[in-house]
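Spelled out, the chains give:
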There are 2 protein chains.
Amino acid sequence: MQLEADTVDLGTTRPIVLLNNGDADELGAHPLDRVRIEHADGATTGIVKRTDKLVEPGTIGVTEPIDHVRGPVGVRLAGTPQSVRYVRKKLDDIELEARELDTIVRDIHENRLSDIELSAYVSAVYTNGLSLEETKNLTQAMSDVGQRLTWDAPVVADKHSIGGVAGNCVTPIIVSIVTEAGLTMPKTSSRAVTSPAGTADVMEVFCDVEFTTDEIESIVDETNGCLVWGGGVDLSPVDDRIIRAENPLSMDPPGQVIASVLSKKRSAGSTHVVIDIPYGEGAKVENLAEARELADDFKGVGTHLDIDVTCAITHGTDPIGRGVGPVLEARDVLAVLEGDGPESLRLKSLRLAEMLLDHCGVDASATDILESGRALERVRRILEAQNGDPEITSDDLSPGTESTIIRSERSGFTTRVDNRQLCDLARRAGAPLDSRAGLVIHRSVGDAVEADDPLYTIYAEQSSKLDEAQTLADRLEPVRVRSKADALVERR
Amino acid sequence: MQLEADTVDLGTTRPIVLLNNGDADELGAHPLDRVRIEHADGATTGIVKRTDKLVEPGTIGVTEPIDHVRGPVGVRLAGTPQSVRYVRKKLDDIELEARELDTIVRDIHENRLSDIELSAYVSAVYTNGLSLEETKNLTQAMSDVGQRLTWDAPVVADKHSIGGVAGNCVTPIIVSIVTEAGLTMPKTSSRAVTSPAGTADVMEVFCDVEFTTDEIESIVDETNGCLVWGGGVDLSPVDDRIIRAENPLSMDPPGQVIASVLSKKRSAGSTHVVIDIPYGEGAKVENLAEARELADDFKGVGTHLDIDVTCAITHGTDPIGRGVGPVLEARDVLAVLEGDGPESLRLKSLRLAEMLLDHCGVDASATDILESGRALERVRRILEAQNGDPEITSDDLSPGTESTIIRSERSGFTTRVDNRQLCDLARRAGAPLDSRAGLVIHRSVGDAVEADDPLYTIYAEQSSKLDEAQTLADRLEPVRVRSKADALVERR
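Residues numbered from 1 in each chain as written. Chains lettered and ligands numbered in written order. Predicted model: local features only at pLDDT ≥ 70, side-chain atom pairs only at ≥ 80, totals over all residues. Heavy atoms only, no water.

### Side note on the overall build of chain A
When its secondary structure is counted, chain A shows 18 helices and 18 strands. Here the C-alpha radius of gyration of chain A, 25 Å, is about what a compact globule of 492 residues would show, namely 23 Å. The principal-axis extent of the C-alpha atoms belonging to chain A is close to 75 × 55 × 45 Å. Taking all 492 residues of chain A together, the buried fraction comes to 57%. Nonlocal contacts in chain A, meaning residues at least 24 apart in sequence, comprise 79% of its contacts between residues at least 6 apart. Total accessible area on chain A is roughly 19800 Å²; 43% of this is exposed by carbon and sulfur atoms. (Helix = DSSP H or I, 4+ residues; strand = E, 2+ residues; numbered from the N terminus. Rg over C-alpha atoms; globule rule 2.2 N^0.38 Å. Buried < 20%, exposed > 50% of the residue type's maximum accessible area, 1.4 Å probe, protein only. Contact = heavy atoms within 4.5 Å. Areas by Shrake-Rupley, 256 points an atom, 1.4 Å probe, with all protein chains shown as cover.)

Below is the structure:
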């Protein structure tokens, strides 16, 4: 069928084409069918959206990703991408081969799948799981797409936490210690997606985090490390698209988690990686057995990709550190490097740094490096290389001016500190966009509490957001206090 | 957040709202998040789409389903619909309760789910299946939404085929026989979705098929029956939305099939139903055991809904009748009613009509009614009531003028007639939109064939479509002929 191509903006990243209902009928094209469009400069494939008013009969509306197509075009029905067949196969619980996973990853990368098809892929992986073999192949396929960093150093250290714990900003401390010990550690981190602060958001309190590959190389040349935003370099870009489909249903299938993490590590050129797997009630991994199984799979997939992986199974029920939100976490980080700061953050950072040093075969004491102030000196060099102020101290960092203290209604013991509720509250208060918004948590599990003692403080930059957070706080109970008797026998 | 609402046409049926990236960040709204919009006349919920150019900062773009929202509005993040939690539960293979399925159905009906979420629902049902209890509850929930027809007659007859067989247009013949025997049979049928002709497409060759509920009632008053398009009345409207998500992946989970079929039957007011379940290689149901299980489930769900269901497990490997496509099937139908026509169509129609008569407790002979010409008289009354020409004969119906005969390359026996390939070919030739396009099949399985004998003829209204069908025919082998030796031992 001959049609005239015209641009229509739908704000889409998929190659949607609009057909008038009459033309679509004539072509036999249903919604989500593909059409092949032959134009002056070649041919491309579009996903059909039918309409009775956005385009006139005789016109095909081309959206953003393919809006280079103009003028007279030949349009015919095309088959569905090969990967749709493989998604169906996975829905039928049949193991996928390497080339099939490769095709799926490439079609996702090139935006060839509709949301219906992408969601079916994610759902299939979630319900039917991925075998270790499939996970290996998927990881490889994901890291084959996008950019790949290379380093001269024979050992390139890295760490990753699978997340779900409030605070927990151990990365800048670990990078400072490990790079000071002489290792190369070019760390790329994410911004917050559903949490109140990603490591990149915290680092942005101190310095720039968006750099080109060349800039990153020169920072690492100078300081052995960096603490930058991974989104600035195109490492395993398919990951973001998959996560977009996983988020609405909170799907986090273990095989996909491993592939997401290790494909990025492989693309980043890492050779030795520590994976932090927090487990416990409310964490992403609920129990120790599951955590151990996940750790074994991480190591197995790592071996397949020539990445030496070790895992730290950590306590994931309570927050790490006291602050939640970019500035409040940044303050904790700097305080620990200054020789002070929250004990939980200091201990976890030291333990993971030690593991990573040992894993890389470096004989150095993380505690010595931290306590001697050398880690602080090192982070200052990194901040300076990333255009930050190397003289900054934790006292320079103050939270939002709007604040309210939430106090205990009774005396007793802290029986639970709920990561998820704390994160929801911090986001409601404005984090991460309002960098000085968030929480400071005053009590840990097991602490004795008197009636009216402060449990946590909410900070915001805007009073309206403080009000919203306060309203939510009235409904939640993120820091739970029970009398001694109730703490022993909880009636539900 | 205060914004100004402005209409943006995206050709969508979902309540998408466009937010400028800056406003979305400020609000903490990710793609596919929900926002609650408070406006002068009330409040509504929208699904977020982020954009950097379609709307200005300070503006919220409201799309078609909610474009009544205008002027200044208050916008805040809203939670996801309750049903998303239930979809996740089904993904986790946990049985859903009646009220949970009800919530899912209502949210689908009100377009509250994104494509990602709808696809996750369909995928979950496909991979984890539905228990009989879930199927019953889903069916009830689906038929509780939309219109409901009621009839004075204590017995209302109906039939349905789960499809997948080319030709197979038995419905008009059955309705003629059964209504002539005195039963009420107000038949609603579908148009083709992925097939070359639905029963409604075939009937449209003879008469109108779109009527209001009142008009349908008066046609049934006059003739005991009707043969109309179900889409004209709003019976179980959620079904179409679910099918839209099932089609790209060709998912047809049995529980969902039962719910789709019986929810429509319940909404149509049917009391006694025959379900035709074709089985065999290439059919939707592959083997007899599966067909029997499906039949039992159909009956169980029917009982729950007070519908008396019986099932006909039929041979589904070959086409029924000779014609494929609206006019060519209409010609076969009329020929059978005239006392002639393809034997397979005549026999299957008679057998199903007999089953339905018996099932409804009517002592009448389908064969007598057909052979006496009374069925022909009856269908003429129905055609007239539906504004058609009652004097039409099968000779009046001619296929498209563009045609080509596909001949056998060798002598031997017909070993396979492939339903799916025939349907693809007929669609390529232009069916169902070009009503006179399609195929006539000249050979059945087991027929002896000489080299150069005609196997099937392709008809089209447009020579370009005939060419396209011919090109496809060169790649396929819908009517397979093997020499006697090869037919016994097929080497693969």
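### Description of the interface of chain B and chain A
With 40 residues of chain B in contact, the opposing surface of chain A contributes 40 residues. Across the chain B to chain A interface the summed buried area is about 3500 Å²; carbon plus sulfur atoms make up 59%. Where chain B meets chain A, there are four salt bridges. Among the secondary structure elements, those contributing two or more residues to the side of chain B that touches chain A are α1 (21-27), β4 (42-51), α2 (82-91), α4 (115-128) and α9 (238-246) of chain B. Residue contributions to the side of chain B that touches chain A peak at nine residues, all from α4 of chain B. Taken together, the residues that form the side of chain B that touches chain A break down as 16 nonpolar, 10 polar and 14 charged. (Buried area = accessible area lost by both parts, 1.4 Å probe. Salt bridge = Lys/Arg side-chain N within 4 Å of Asp/Glu carboxyl O. Nonpolar A, V, L, I, M, F, W, Y, C, P; charged D, E, K, R; others polar.)

### A word on the pattern of salt bridges
All names here are of chain B. With the rule as written, the count across this model stands at 76 salt bridges over all chains. As a salt-bridge pair, K187 and D158 come within 3.8 Å of each other at their nearest N and O atoms. Separated by 29 residues along the polypeptide, K187 in strand β8 (residues 185-189) and D158 in strand β7 (residues 157-161) bring together distant segments of the chain. What makes K187 buried here is its relative accessible area of 4%.

### Some details on the relation of the copies chain B and chain A
Mapping chain B onto chain A is achieved by rotating through 180° and translating by 0.0 Å along the same axis, at an RMSD of 0.1 Å. Between the two chains, the operation in question is that of a two-fold axis. (Least-squares fit on C-alpha atoms with pLDDT ≥ 70 in both.)

### So, the packing of aromatic side chains
A full pass over the atoms with the stated rule returns zero aromatic pairs over all chains. The ring of W229 of chain A has R191 of chain A sitting right over it, with the charged end atom 4.7 Å from the ring centre. (Phe/Tyr/Trp six-rings, centres within 6.5 Å; stacked < 30°, edge-to-face > 60°. Lys NZ or Arg CZ within 6 Å of the ring centre and 35° of its normal.)

### Re helix α12 (residues 326-337) of chain A
Residues and elements named next belong to chain A. In a regular helix each residue adds 1.5 Å, so 12 residues correspond to 16 Å; α12 covers 17 Å between its end C-alpha atoms and thus fits that length. Within α12, 11 of the 12 residues are buried, which leaves the element mostly enclosed by the surrounding structure. Along α12, the residues that are buried comprise P326, V327, L328, E329, A330, D332, V333, L334, A335, V336 and L337. In the segment just after α12, G339 is the residue with positive phi, at about 100°. (Expected span 1.5 Å × (residues − 1).)

### Points about the side chain of K136 of chain B
All names here are of chain B. Tracing the chain through its elements places K136 in helix α5 (residues 132-144). Buried and without a salt bridge, K136 has E133 as its closest oppositely charged side chain, separated by 4.4 Å. With residues near it in sequence (within four places) discarded, K136 still touches G300, V301 and H304. (Lys, Arg positive; Asp, Glu negative; His and termini not counted.)

### With respect to the sheet that holds strand β1 (residues 2-7) of chain A
All names here are of chain A. The six strands lie next to each other as β1-β5-β2-β4-β3-β6, forming a closed barrel whose pairing is mixed. Going across the sheet, the axis of each strand differs from the next one's by a mean of 45°, ignoring polarity. Pairing geometry for strand β2 (residues 16-20) and strand β5 (residues 59-62), over three bridges, is antiparallel. Note on β5: the bridge partner recorded for L18 is G61. (Pairing = 2+ DSSP bridges. Axes fitted to C-alpha atoms, helices over the stretch in contact; angles between N-to-C directions.)

### Points about helix α2 (residues 82-91) of chain A
When we look at burial in α2 of chain A, the residues that qualify are S83, V84, Y86, V87, K90 and L91 of chain A. Down the axis of α2 of chain A, the sector holding all buried residues measures 160°, keeping them to one side. Where α2 of chain A is buried, its residues meet α3 (98-109), α4 (115-128) and α5 (132-144) of chain A together with α4 of chain B. Just downstream of α2 of chain A, D93 of chain A is the residue with a positive phi angle, here 65°. (Arc of directions from axis to C-beta.)

### Structural notes on the pairing of strand β6 (residues 71-78) of chain B
All names here are of chain B. The pairing of strand β1 (residues 2-7) with β6 spans four bridges and is classified as antiparallel. By the bridge assignment for β6, Q2 is matched with G74. Inspection of the sheet shows strand β3 (residues 34-39) paired to β6 by five bridges, in the antiparallel sense. The residue bridging E38 from the neighbouring strand is G74, located in β6.

### Focus: the sheet that holds strand β10 (residues 272-279) of chain A
Residue and element names in this part refer to chain A. The strand order β7-β10-β11 describes an open sheet built from three strands, whose pairing is parallel. For this open sheet the edge positions go to β7 (157-161) and β11 (308-315), each flanked by a neighbour on one side alone. Strand after strand, the sheet turns through a mean of 20° between neighbouring axes, direction not considered. Bridge count for β10 against β11 is eight bridges, and the pairing is parallel. Bridge assignment links I277 to a residue of β11, and that residue is I313. Across the sheet, helix α10 (residues 254-267) touches β7, β10 and β11, and the angle it forms with β7 is around 160°.

### What about the packing of helix α6 (residues 171-180) of chain A against helix α13 (residues 343-359) of chain A?
Residues and elements named next belong to chain A. Contact pair α6 / α13: the axes reach a minimum separation of 9 Å and the direction vectors enclose 40°. The angle between α6 and α13 places the two elements in the oblique class. Note that α6 runs across α13; the crossing there is right-handed. Between α6 and α13, the contacting residues are I173, I174, I177 and V178 on the first element and L345, S349, L350, L352, A353, L356 and L357 on the second. (Parallel < 35°, antiparallel > 145°, perpendicular 65-115°, else oblique. Left-handed = near helix turned anticlockwise from the far one by under 90°.)

### Structural notes on the environment of I406 of chain B
Residues and elements named next belong to chain B. Topologically, I406 is positioned in strand β13 (residues 402-407). Along the sequence, I406 and H442 sit 36 residues apart, while their C-alpha atoms lie 9.8 Å from each other. Ignoring any residue separated from it by four or fewer positions in sequence, one finds I406 in contact with D453, P454, L455, Y456, I458, Q470 and A473.

### What to know about the environment of S411 of chain B
Residue and element names in this part refer to chain B. With respect to the element layout, S411 can be found in the loop between β13 and β14 (412-417). Relative accessible area serves as the criterion here: at 37%, S411 is assigned to the partly exposed category. Each C-alpha atom, one on S411 and one on A448, is 7.8 Å from the other, the two residues being 37 residues apart in sequence. Not counting chain neighbours up to four residues away, the residues in contact with S411 comprise V449, E450, A451, V481, R482 and S483.

### Here's the deal with the confidence of the model for chain A
Regions with low pLDDT carry predicted coordinates that are not meant to be interpreted in detail. Residues and elements named next belong to chain A. Scored by pLDDT, chain A has a mean of 92; 98% of the residues are at 70 or more. The lowest-confidence element of chain A is helix α18 (residues 484-488), averaging 61 in pLDDT; the highest-confidence one is α6, averaging 98. Predicted as a complex, the structure gets a pTM of 0.85 and an ipTM equal to 0.82. (pLDDT = per-residue confidence, 0-100.)

### A few points about the pairing of strand β14 (residues 412-417) of chain A
All names here are of chain A. For β14 and strand β16 (residues 448-449), the ladder comprises two bridges, and the chain directions are antiparallel. For G412, the partnering residue across the bridge sits in β16 and is V449. Pairing between β14 and strand β18 (residues 479-482): four bridges, direction antiparallel. Among the inter-strand pairings, V417 is bridged to a residue of β18, identified as V479.

### Side note on unusual backbone geometry
Residues and elements named next belong to chain A. That bond from A431 to P432 is cis: its omega, 5°, falls within 30 degrees of zero. Tracing the chain through its elements places P432 in the loop between α16 (419-428) and β15 (438-441). Despite not being glycine, N111 has its phi angle at roughly 60°, a positive value. Tracing the chain through its elements places N111 in the loop between α3 and α4. Phi at S236 takes a positive value of approximately 45°, unusual for a residue other than glycine. Here S236 lies in the loop between β9 (225-229) and α9 (238-246).

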